[in-house]
Amino acid sequence: MTKWPGSKRIAVMLAFDLDAETMWTTRGDGNLDHITNLSRGVYGPKQGVPRILNMLDVHGIKATFFIPGVVAEKYPQVVREIGRSGHEIGFHGYLHEESSDTTYQEERATMNRCREIFERLTGQRIVGHRAPGGVVHDYSLRLLLEQGYIYSSNWRNKDGPFLHTINGEEAPLVELPKDSIFDDTAYDFYTDSPPERYELKSPLEMTEIWRDEFDALAQEGGMINFVLHPQFMGRVSRVNALSGLIGYMLSNGAWFDTNKAVAEYILKEKGYCV
Amino acid sequence: MPTLLNGRQNGENISWPGGCRIAVMLTFDFDAEFLRISRAKSKGKEIGFGDYSRGQYGPHEGLRRCLDMLELYGVRGTFFVPGIVAETYKEQVKEVHARNHEIAYHGYMHESVRGISKEEEVANMEKSESVLMEITGRRPVGHRAPESILHPFTTEIMLERGYLYGSSMKDCDWAYLHRLDGRDVPLVELPNDIMMDDFTYYYFTFNDPAVRAMYSNREVISGWLAEFNGLAEEGDKIFVLKLHPQLIGRASRVRALGEFIAYMKQHGGWIATCEEVAGYVLEWNRKKGVQV
């Protein structure tokens, strides 16, 4: 159980993975010539983000957007608007790279490249990491610390948060875990292109599962870190369902903030200077 | 007009005729058995008797129900018909036309292979257009790619062949003008999504090895209803239902769809053919000063 600020019962982080077309170019046969599958990726920055930003403003909530560098280069105005609206931007690869063979040097170069892209577009310094495709390397934690990151959102083994240990010693690197139960693609990523994903759930079923889990976690003083994809989650029926759920969570003791804000709070609680 | 991509603008602020809140298009991909044949083919397989017969449920049973239901609620639909379906089920397609629905292009054999040549696709279009013209007396103005497989040259040949609209993209919820060589062109896109496609919920086969879930009408319609309500509230959106007579055409599903149509009529839906909506969108853009 974590003691949250202001006697809140639970920390809730709305985190969006703005993968756009990389969702499709990194799966199956690449989809590079599948114009309409790519157009499903475009739906994220083009239609999903405006709807999501407007909804977040209604509630006055700040969220985290994990964005591949190439998406920022293709949609600079969208990324500027996300930053201008006060939301956090986190690392999510350059091309949404999912290879487990990436070397330390390659990964460091990718992180430097992305840091420059986002600093130039938004003035923000990236301090958080969510691995594309959930692929974490044996050197990842060390690299995150070297890059000045304060949190990772990749582990799935606990409801979190916790501090990582590197070489047997506690490090000022907070883990803000996630799980498929709070990942919209487990419910709304349908495709008939190989590898096929069937079984589309209705917005109502999805948010019912989230509300049940929220209730039980709040009772334990836990946290939730969402994994939401604007290209699917950005459909109006899902944004409206999420908005209704946010209202419910607000009236039931949720502390909504960015991954960065929650990580800073945890570090302070543990006696680290932030 | 450049595409809206600034992270904030959520549509083009179009107003629909008669104070309607949303343009609703009831579209039917009348593929019969060729849906399943071309799907299997694109995966290097063939279908067996079961899937032939499932596909023929469309022309033999589902279509009639859909047409009667549309008449009952006094609305017009848009039927995307592959050329070979118009040849094989000529009487049925004539009936669709006679009952005042729009008939539009959907491939010749429901071809769904990426990487074909421009010449090959033009040949498909020529063949299909002439078959459809025999029935309707005019060239089709609407295009939907089988299995949403568009080619890099599709926009160009649609323009060359006098099409008014395409309905295959999935990039937003508003109707927009296509662009070619950096300029707006008089070709409207009416995007759709897998959530409003009955295939997502009702396609079932032992071929492939697909076998998929069954959904209740309540699950399907409640999703569509939430989407319709949200889009109607935004005021400048379109709602394209993508249906297949062989899937939606079962008795209880057509009934549920009919009641949903009645709801949309009552709640600000402008229910029209794709041609009507595309024509309206093109005119609206011209009045706004877009040079096309």
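Student: Looking at this structure, how should I read the overall build of chain B?
Tutor: A count of helical and extended segments in chain B gives 12 helices and nine strands. Taken against the 2.2 N^0.38 rule, which gives 19 Å for 292 residues, the C-alpha radius of gyration of chain B at 18 Å falls within 12% of a compact globule. Along the first, second and third principal axes, the C-alpha set of chain B runs to 55 × 45 × 35 Å. Expressed as a percentage of its 292 residues, the buried residues of chain B come to 50%.

Student: Looking at this structure, how should I read the overall build of chain A?
Tutor: Helix and strand content of chain A: 11 helices and 10 strands. Here the C-alpha radius of gyration of chain A, 18 Å, is about what a compact globule of 274 residues would show, namely 19 Å. Overall, the C-alpha framework of chain A stretches about 50 × 45 × 35 Å when taken along its three principal axes. Counting only residues that meet the buried cut, chain A has 49% of its 274 residues in that class. Here the contacts in chain A between residues at least 6 apart in sequence split such that 73% fall between residues at least 24 apart.

Student: Help me out: how do you make sense of the pairing of strand β7 (residues 183-189) of chain B in this one?
Tutor: Side-chain positions along a regular strand alternate between the two faces of the sheet. All names here are of chain B. With two bridges joining them, strand β5 (residues 165-166) and β7 adopt parallel strand pairing. The residue of β7 that forms the bridge with Y165 is V188. Taken together, the four bridges between strand β6 (residues 176-180) and β7 define a ladder with antiparallel strand orientation. In the sheet register, L177 faces β7, and the bridge partner there is V188. Two successive antiparallel strands, β6 and β7, enclose a turn made up of two residues, where D181 displays a positive phi of approximately 50°.

Student: Got a minute to help me understand the environment of A:N157 in this structure?
Tutor: Among the structural elements, A:N157 can be located in the loop between β6 (151-152) and β7 (162-166). With 20 residues separating them along the chain, A:N157 and A:P177 place their C-alpha atoms 7.5 Å apart.

Student: Would you mind going over the pairing of strand β8 (residues 237-243) of chain B with me for this structure?
Tutor: Residue and element names in this part refer to chain B. Counting buried positions along β8 gives seven out of seven residues, so the element sits mostly inside the fold. Pairing of strand β1 (residues 22-29) with β8 involves seven bridges; the strand directions are parallel. Across the sheet, the residue bridging to V24 is F239, located in β8.

Student: I tried to follow unusual backbone geometry on my own but got confused; where do I start?
Tutor: Backbone geometry follows two general trends: most residues other than glycine have a negative phi, and most peptide bonds adopt the trans configuration. Residue and element names in this part refer to chain A. Between G160 and the following residue, P161, the backbone shows a cis peptide bond with an omega angle of -10°. Of note, P161 is situated in the loop between β6 and β7. Of the consecutive residues P194 and P195, the connecting peptide bond is found in the cis state with omega at -5°.

Student: For this particular structure, what's the right way to read the nonpolar core?
Tutor: Nonpolar side chains tend toward joint burial in soluble globular proteins. Counting 155 residues, the largest nonpolar core has A:V12, B:M25, B:L190, B:I238 and B:V277 as the members making the most contacts within it. Of the residues forming this core, the biggest block, eight residues, is contributed by helix α2 (residues 35-59) of chain A.

Student: Is there a simple way to think about the interface of chain A and chain B in this case?
Tutor: Often, the extent of an interface is quoted as the loss of accessible area upon association of its parts. Counting residues at the interface gives 32 residues for chain A and 29 residues for chain B. Elements that contribute at least two residues to the side of chain A that touches chain B include exactly α2, α4 (76-84), α8 (203-220) and α10 (236-250) of chain A. For the side of chain A that touches chain B, the element with the most residues is α2(A), which contributes 14 residues. Within the side of chain A that touches chain B, the residues separate by chemical class into 16 nonpolar, nine polar and seven charged.

Student: Can you help me understand α4(A) in this one?
Tutor: Residues lying three or four places apart along an α-helix face the same way, a consequence of the helix completing one turn every 3.6 residues. Residue and element names in this part refer to chain A. Among the residues of α4, those classed as buried are V78, V79, E81 and I82. Taken around the axis of α4, the buried residues stretch over an arc of 160°, which confines them to a single face. In this structure, the buried residues of α4 make contact with α2, β3 (64-67), α3 (69-74), β4 (88-91) and α5 (104-122).

Student: Looking at this structure, how should I read α5(A)?
Tutor: Residues and elements named next belong to chain A. Taking 1.5 Å per residue, 19 residues should reach 27 Å; α5 reaches 27 Å between its end C-alpha atoms and fits that length. Residues of α5 that are buried make contact with α3, α4 and β4. Immediately downstream of α5, the backbone of G123 shows phi near 75°, a positive value.

Student: Help me out: how do you make sense of the sheet that holds strand β1 (residues 10-13) of chain A in this one?
Tutor: Think of a sheet as strands paired side by side through backbone hydrogen bonds, with each pair either parallel or antiparallel. Residues and elements named next belong to chain A. What the three strands build is an open sheet, ordered β9-β1-β10; its pairing is parallel. Looking along the sheet, the strands with just one partner apiece sit at the ends: β9 (223-225) and β10 (254-256). Averaged over all neighbouring strand pairs, the angle between strand axes comes to 20°, with direction disregarded.

Student: Please clarify how the packing of helix α3 (residues 57-73) of chain B against helix α11 (residues 251-266) of chain B should be interpreted in this entry.
Tutor: The description of two helices packed together rests on the angle between their axes and the distance between the axes. Residues and elements named next belong to chain B. Closest axis-to-axis distance for the α3/α11 pair is 10 Å, and the angle between their directions is 25°. Here α3 lies roughly parallel to α11, going by the angle between them. Along this stretch, α3 crosses α11, giving a crossing that reads as right-handed. Facing R65, C66, M69, L72 and Y73 of α3, the residues of α11 in contact are A251, V254, L257, G258, I261 and A262.

Student: Where do I start with the confidence of the model for chain B in this structure?
Tutor: In regions of low pLDDT, the predicted coordinates are not meant to be interpreted in detail. On average, residues of chain B score 95 in pLDDT, and 99% of them are at 70 or above. Predicted complex, confidence summary: ipTM 0.95, pTM 0.96.

Student: Which parts of the structure should I look at to understand the packing of α2(A) against α10(A)?
Tutor: Residue and element names in this part refer to chain A. Between α2 and α10, the shortest axis-to-axis distance is 10 Å and the interhelical angle comes to 20°. With respect to each other, α2 and α10 are oriented roughly parallel. Of the two elements, α2 crosses α10, and the hand of that crossing is right-handed. Together, R51, I52, M55, V58 and H59 of α2 and V236, V239, S243 and I246 of α10 make up the contact between the two elements. A breakdown of the residues in the contact of α2 with α10 according to their chemical character gives six nonpolar, two polar and one charged.

Student: What is the right way to read the environment of B:H244 from this model?
Tutor: Mapped onto the fold, B:H244 is located in the loop between β8 and α10 (245-248). Residues B:H244 and B:G55, 189 residues apart in the sequence, show an inter-C-alpha distance of 9.7 Å.

Cut-offs used in this document
- Residues numbered from 1 in each chain as written.
- Chains lettered and ligands numbered in written order.
- Predicted model: local features only at pLDDT ≥ 70, side-chain atom pairs only at ≥ 80, totals over all residues.
- Helix = DSSP H or I, 4+ residues; strand = E, 2+ residues; numbered from the N terminus.
- Rg over C-alpha atoms; globule rule 2.2 N^0.38 Å.
- Buried ≥ 20, exposed ≤ 12 C-beta atoms within 10 Å, placed from the backbone.
- Contact = placed C-beta atoms within 7 Å.
- Pairing = 2+ DSSP bridges.
- Core = buried A, V, L, I, M, F, W, Y, C linked by C-beta atoms within 7 Å.
- Nonpolar A, V, L, I, M, F, W, Y, C, P; charged D, E, K, R; others polar.
- Arc of directions from axis to C-beta.
- Expected span 1.5 Å × (residues − 1).
- Axes fitted to C-alpha atoms, helices over the stretch in contact; angles between N-to-C directions.
- Parallel < 35°, antiparallel > 145°, perpendicular 65-115°, else oblique.
- Left-handed = near helix turned anticlockwise from the far one by under 90°.
- pLDDT = per-residue confidence, 0-100.

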